[in-house]
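The chain contents come next:
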Amino acid sequence: MVDGAAGAGDGSAGGGRSGSDLPVELFHRALVGPSLRPASGDIARTPFRGQIRRVSGRRSLGGKRGQPAIDEIVFDLPDGRAAAFGPPDRGETGTLVFLSQIPRGTFTKPGSDEDMCPICLAVPAALKKEHVPNGSLGGSHMTYTCEPCNNGLGSKVEAALQDWFDHAITASFEHDGEVLGRRRVLKIYFRRNEDTGAFALVVDGDVTPDVEQILGSPEFRMRYQEAQQRACGIALLKHAYLAACLFLRSVPDHPEARVMRADLIAARDAPKGQAPASDAAAALKVYRSHVGRQGPPLALVAQQAEDGAAPTFLISLAGVLFVSWPFADLPPGAWQRLRQDAGDDTEEEASA
Ligand SMILES: [Zn+2]
């Protein structure tokens, strides 16, 4: 268990990097929530006491002190052994080719010089700073959106994306048939030991004595909710759409873009927890990294395919999330940049 006094994360940054490659580890091909089914029923009933040796995770924005969203946690156990718990499931690893940085920008209403919201195309009196991706995921201030789009999507879908990214679940506990009140719903990071399959439930924030008692008892029941898949998809669609607009330096007016805006506005206006279905969001490919933020705040990257198949163009969101370019028309100039890159270091492939 970790309380607010746990050390700040070390950021788990990788070593020095050079050239145009972005050697990320790519995990999770799809939006897959953590599975809480342990290999054996006994695993869930083996609480242990230990000292935290090390916690790694992303830092809070701006380097402020705070709870790291835990990526890996290492305990020193009473018997002298150490036990490391990391992400519950890992996917395959790959390398992305860095193509170009996507700059910060603003958008003006066509035929005027008024700033508009690139999501709903309104021209409000005041626009708010928009972070792409969420600031809590390491995103930077990249453009401006209107207050309803900024607040509505921020609270309704971006929190779900963060929980998915962190393998966080919200849980309530039952003990001896007694249900703890609503105030006892906790955010919990779900982590697993890769060697033994044992899992750790790392509580976010303060652990009150009654919760501690329950978690330390031989048996308890936990009800949990995984991050909402639809909301995650909408959040990724928003970031992919805004990053694509920034790359294009304009807000596209084709039918595809109109459908995306309509989906984002529908999610903005829906009650919390009821994000509507979006084909555009469901079509996005998404990868994530477990190695910490790297590269520029926003970038166009490519995933080289095996066997000569067409590459996939993706947007790097703060170097921690990678989402496919959202439009059917490929990003202008991306192919040329990719060919130049291939010509620089793999000549036989370039001529194939
Ligand atoms: Zn708006």
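These numbers come from a predicted model, not from an experiment.

Help me understand the confidence of the model for the protein chain in this model?
Should the pLDDT be low somewhere, the predicted coordinates at that spot are not to be read in detail. On average, the protein chain scores 77 in pLDDT, and the residues at 70 or more come to 74%. Between the elements of the protein chain, mean pLDDT differs from a low of 41, seen in helix 7 (residues 347-351), to a high of 97, seen in helix 4 (residues 255-269). Across residues 1-45, where pLDDT falls below 50, the model places 138 contacts with residues more than four positions away in sequence or in other chains. Note on residues 345-352: pLDDT under 50 across the span, and three contacts to partners over four residues away in sequence or across chains.

Can you walk me through the coordination of the zinc ion in this structure?
Under ideal tetrahedral coordination, the four donors around a metal are separated by 109.5 degrees; under ideal octahedral coordination, the six donors are separated by 90 or 180 degrees. In this structure, C117 (SG), C120 (SG), C146 (SG) and C149 (SG) serve as the protein donors to the zinc ion, at separations of 2.3 Å. Around the zinc ion, the four donor atoms are arranged such that angles at the metal cover 103 to 115°; this shape is classified as tetrahedral. Mapped onto the sequence, the donors of the zinc ion take the spacing C-x2-C-x25-C-x2-C. Separated by 26 residues along the polypeptide, C120 in the loop between strand 5 (96-101) and strand 6 (127-132) and C146 in strand 7 (residues 140-146) bring together distant segments of the chain. A relative accessible area of 3% means that C146 is categorised as buried.

It is not clear to me how the pairing of strand 4 (residues 82-85) should be interpreted in this structure. Could you clarify?
Sheet faces and side chains relate simply in a regular strand, where the side chains alternate between the two faces. Only one face of strand 4 is buried, namely the one carrying A83 and F85, since none of A82 and A84 on the opposite face is buried. Sheet analysis places strand 3 (residues 69-76) next to strand 4, joined by four bridges and oriented antiparallel. The residue of strand 4 that forms the bridge with I73 is F85. Counting the residues that bridge the hairpin from strand 3 to strand 4 gives five residues, and of these G80 lies at a positive phi of roughly 95°.

Before we go on, may I ask you to explain the packing of helix 1 (residues 147-165) against helix 3 (residues 229-248) in this structure?
Packed helix pairs are specified by the crossing angle of their axes together with the interaxial distance, meaning the distance between the axes. One can describe the packing of helix 1 onto helix 3 by two numbers: an axis separation of 8 Å at closest approach and a directional angle of 105°. Taken as axis vectors, helix 1 and helix 3 run roughly perpendicular relative to one another. Along the contact surface, helix 1 presents L153, K156, V157, E158, A160, L161 and W164, while helix 3 presents A231, C232, I234, A235, L236, K238 and H239.

So what exactly am I meant to see when it comes to helix 1 here?
Side chains three or four residues apart in an α-helix point the same way, a direct result of the helix having 3.6 residues per turn. Here helix 1 is 19 residues long and its end C-alpha atoms lie 25 Å apart, about the 27 Å a rise of 1.5 Å per residue gives. Along helix 1, the largest kink reaches about 45° and is centred on G154. Turning to helix 1, its buried residues number three or more, namely C149, N150, G152, L153, V157, E158, A160, L161, Q162, D163, W164 and F165. One or two positions beyond helix 1, positive phi appears at H167, with a value near 50°.

Explanation requested: the pattern of salt bridges in the structure shown.
Close approach of charged atoms allows side chains of opposite charge to pair. Taken as a whole and judged by the stated rule, the model has seven salt bridges. Here E130 ties to K238 by a salt bridge, and the two come within 2.5 Å at their closest N and O atoms. Within this pair, whereas E130 is found in strand 6, its partner K238 is found in helix 3, the two being separated by 108 residues in sequence. Judged by relative accessible area, which is 0%, K238 ranks as buried. Across the pair K187 and D163 runs a salt bridge whose closest N-O atoms are separated by 2.7 Å. Here K187, found in strand 10 (residues 186-192), pairs with D163, found in helix 1; they are 24 residues apart in sequence, far enough to count as distant. A cluster of three or more residues bridged by salt bridges with shared partners is formed by E130, E158 and K238.

Calculation criteria
Residues numbered from 1 in each chain as written. Predicted model: local features only at pLDDT ≥ 70, side-chain atom pairs only at ≥ 80, totals over all residues. Heavy atoms only, no water. pLDDT = per-residue confidence, 0-100. Helix = DSSP H or I, 4+ residues; strand = E, 2+ residues; numbered from the N terminus. Contact = heavy atoms within 4.5 Å. Donors = N, O, S within 2.8 Å, 3.2 Å for Na, K, Ca; no water. Tetrahedral: all angles 85-135°; square planar, octahedral: opposite > 155°, others 65-115°. Buried < 20%, exposed > 50% of the residue type's maximum accessible area, 1.4 Å probe, protein only. Pairing = 2+ DSSP bridges. Axes fitted to C-alpha atoms, helices over the stretch in contact; angles between N-to-C directions. Parallel < 35°, antiparallel > 145°, perpendicular 65-115°, else oblique. Expected span 1.5 Å × (residues − 1). Bend = angle between axes of the 7 residues up to and from the residue. Salt bridge = Lys/Arg side-chain N within 4 Å of Asp/Glu carboxyl O.

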